[in-house]
Structures are given as C-alpha cells and as structure tokens.
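Residue-level structure breakdown
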Amino acid sequence: MRQATIARGTKETTISVSINLDGTGKYDIKTGVGFFDHMLEQLSRHSLVDMTIRADGDIHIDDHHTTEDVGIALGQAFKEALGDMSGITRYADTHLAMDEALTRVALDVSGRPFLVWQVDFPRDKVGTFDTELFEEFFRAFAMNAGFTLHIANLYGTNCHHIAETCFKAVARTVRTAIEPDPRQSGRVPTTKGQLGG
C-alpha cells in the first residue's frame with residue numbers, strides 16, 4: 001500500500017499529514033486557513049490521493065509558516081509513500097481551464113527537486129490569503145517530495161481562478177505521474193537504475 005503519515009513540529013507549527021496515493025480523493029483537512037483548506041481539498045479530490053491534514057500554526061502572526069510547513073510535510077509524505085518509485089508513469093503534464101484562467105503544469109517524479117513558478121496574480125490577496133504564499137507552498141511541496149514541478153499560468157484575471165487552476169492542474173498531473181504503468185511493473189522508470197541523487 002502506497003501510504004504515509006508524517007508528523008512535524010516546530011515552535012511555529014504542529015503538522016500531521018496522512019496520505020493514500022491509491023485512494024479516491026477523500027479528504028479531511030483543517031489548517032486554520034480557510035482558502036488554503038479549499039485549495040488543498042482540490043489537490044486531494046482531483047489527484048485521487050486521500051489526504052488527512054491537521055495544522056496548528058501561528059496564524060495570529062500570518063499564514064506563512066502554516067502554508068510552508070504543510071507543504072513540507074505533504075511533500076515528505078509523498079516521497080515516503082512513493083518509495084523507490086518503481087512502476088510509476090513518472091512524467092505528466094496538464095492544461096487546465098477555469099473560466100477565463102488557463103494554467104499549464106508539467107511534472108517529473110524524478111527524485112531531483114526543482115520548482116519553476118511562472119504565475120502572476122493581479123492582486124496581493126485572495127480574501128485574506130496572501131497570493132505570494134502559493135509559491136511558498138508549491139516550492140516546499142516539490143522540494144520535499146523530490147518533484148521537478150513547472151507551473152505556468154498562461155492567462156487569467158481572477159485571483160481565485162488562477163490559484164484554483166494551479167492546484168487542480170497540479171492534482172491532475174500528479175494523478176497521472178504516480179499511476180502505475182503496467183509496462184513498467186517492478187522497474188524504476190530510468191536508465192540509471194534509481195531515481196534521485
């Protein structure tokens with residue numbers, strides 16, 4: 001079973017994450033940050049990865065530490081659940097539209113973390129959530145999962161739509177990339193013999 005549970009505690013946050021890569025997109029998410037919860041729910045539902053996430057963070061200061069630390073823990077959970085990554089599809093990409101917004105995501109489950117973020121928001125906030133924190137989340141997630149992740153918003157004017165296309169496009173891309181490839185059964189999809197490092 002491709003499952004993992006991560007617990008992470010600092011002076012700023014206490015995070016717990018449990019995932020099942022072979023789930024149905026069930027989620028139970030409470031971070032104390034409403035819009036962030038909404039985006040994480042999209043990530044779970046559209047990737048079909050079951051997620052239970054709890055975060056208790058210093059949101060009386062701002063949402064930064066909670067957002068970043070959830071990304072760290074979620075990335076660590078993905079890395080653990082994927083193991084040596086044998087049998088996966090590995091590569092995937094998605095174009096995802098939501099009303100006026102269109103976002104492109106490309107992913108290599110490579111074990112070599114990298115983030116390319118080409119997303120500009122017309123405003124600094126969605127509700128009370130700082131839009132700059134979306135990049136912080138995806139960077140923490142990619143670096144800790146060992147994903148090479150490229151996210152580019154091609155166009156859009158509504159900040160909610162832009163953010164949601166990013167999360168949904170990442171979700172759909174992750175879903176495809178981590179799917180077992182029956183022609184790769186038991187093999188790590190690389191000529192090096194192992195992924196990462």
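As shown above, the structure is provided for reference.
Okay, so let's go over this structure.

So, how was this worked out
- Residues numbered from 1 in each chain as written.
- Predicted model: local features only at pLDDT ≥ 70, side-chain atom pairs only at ≥ 80, totals over all residues.
- Heavy atoms only, no water.
- Helix = DSSP H or I, 4+ residues; strand = E, 2+ residues; numbered from the N terminus.
- Rg over C-alpha atoms; globule rule 2.2 N^0.38 Å.
- Contact = heavy atoms within 4.5 Å.
- Lys, Arg positive; Asp, Glu negative; His and termini not counted.
- Charge placed at Lys NZ, Arg CZ, Asp CG, Glu CD.
- Core = buried A, V, L, I, M, F, W, Y, C linked by side-chain atoms within 4.5 Å.
- Buried < 20%, exposed > 50% of the residue type's maximum accessible area, 1.4 Å probe, protein only.
- Pairing = 2+ DSSP bridges.
- Phe/Tyr/Trp six-rings, centres within 6.5 Å; stacked < 30°, edge-to-face > 60°.
- Axes fitted to C-alpha atoms, helices over the stretch in contact; angles between N-to-C directions.
- Polar contact = N/O pair within 3.5 Å; in protein donor to acceptor, adjacent residues only side chain to side chain.

1. Observations concerning the overall build of the chain
Within the chain one finds 4 helices and 10 strands. In the chain, the succession of α and β elements from N to C terminus is β-β-β-α-β-α-β-β-β-β-β-α-β-α. Whereas a compact globule of 197 residues would reach a radius of gyration of roughly 16 Å, the chain reaches 16 Å, a difference of no more than 12%. Look at the contacts in the chain between residues 6 or more apart in sequence, and 76% of them connect residues 24 or more apart. Each charge class in the chain was averaged separately, 20 positive and 27 negative side chains, and the resulting centres sit 8 Å apart.

2. Quick notes on the nonpolar core
One finds I19 and F78 to be the most contacted residues of the largest nonpolar core, which totals 59 residues. A total of 11 residues in this core trace back to one element, the largest contributor, which is helix α4 (residues 159-178).

3. Things to note about the pairing of strand β10 (residues 148-155)
Summarising the sheet, strand β6 (residues 101-108) and β10 pair through 7 bridges and their orientation is antiparallel. What sits directly across from A106, in β10, is H150. Where strand β7 (residues 114-118) and β10 come together, 5 bridges link them in parallel fashion. If you follow L115 over to β10, its bridge partner there is L149.

4. Describing the packing of aromatic side chains
Overall, the coordinates contain 15 aromatic pairs when judged by the stated rule. Residues F35 and F129 carry aromatic rings whose centres are separated by 6.3 Å and whose planes lie at 45° to one another, so their mutual orientation is tilted. Taken together, the residues span a long stretch of sequence, with F35 in helix α1 (residues 34-47) and F129 in strand β9 (residues 129-130) at a distance of 94 residues. Among the residues examined, F35 registers a relative accessible area of 15% and is labelled buried. Assessed through its relative accessible area of 2%, F129 is described here as buried. Both rings, one in F129 and one in F134, keep their centres 5.0 Å apart while their planes meet at 45°; by these two values the pair is tilted. Residues F129 and F134 agree in their burial class; the two are buried.

5. Some details on the sheet that holds β10
An order of β5-β6-β10-β7 is seen for the 4 strands of this open sheet, with the pairing classed as mixed. Pairing within the sheet leaves two strands with one partner each, and these edge strands are β5 (91-98) and β7. Between one strand and the next, the sheet's axes are offset by a mean angle of 10°, whatever the strand orientation. Its contacts with the sheet place helix α3 (residues 132-145) against β7 and β10, and it is angled at close to 160° to β7. Contacting β5, β6, β7 and β10, α4 crosses the sheet at an angle of about 150° to β5.

6. Focus: the pairing of strand β2 (residues 13-20)
Looking at chain direction, strand β1 (residues 3-9) and β2 are connected through 7 bridges and run antiparallel. Each residue of the ladder has a partner; that of A7, found in β2, is S16. In textbook terms, the turn of a hairpin is the stretch between consecutive antiparallel strands, and for β1 and β2 this stretch comprises 3 residues. Of the pairings in the sheet, the one linking β2 to strand β4 (residues 50-57) comprises 8 bridges and is antiparallel in character. Within β4, the position partnered with I15 by the bridge is A55.

7. Structural notes on the side chain of T94
Secondary-structure assignment places T94 in strand β5. On the basis of relative accessible area, T94 is assigned to the buried category, the value being 13%. A polar contact of 2.7 Å, which involves the side chain of T94, links it to the side chain of T173. With residues near it in sequence (within four places) discarded, T94 still touches T103, R104, V105, A169, R172 and T173.

In short, the description is geometric, and any link to function would need to be established separately.
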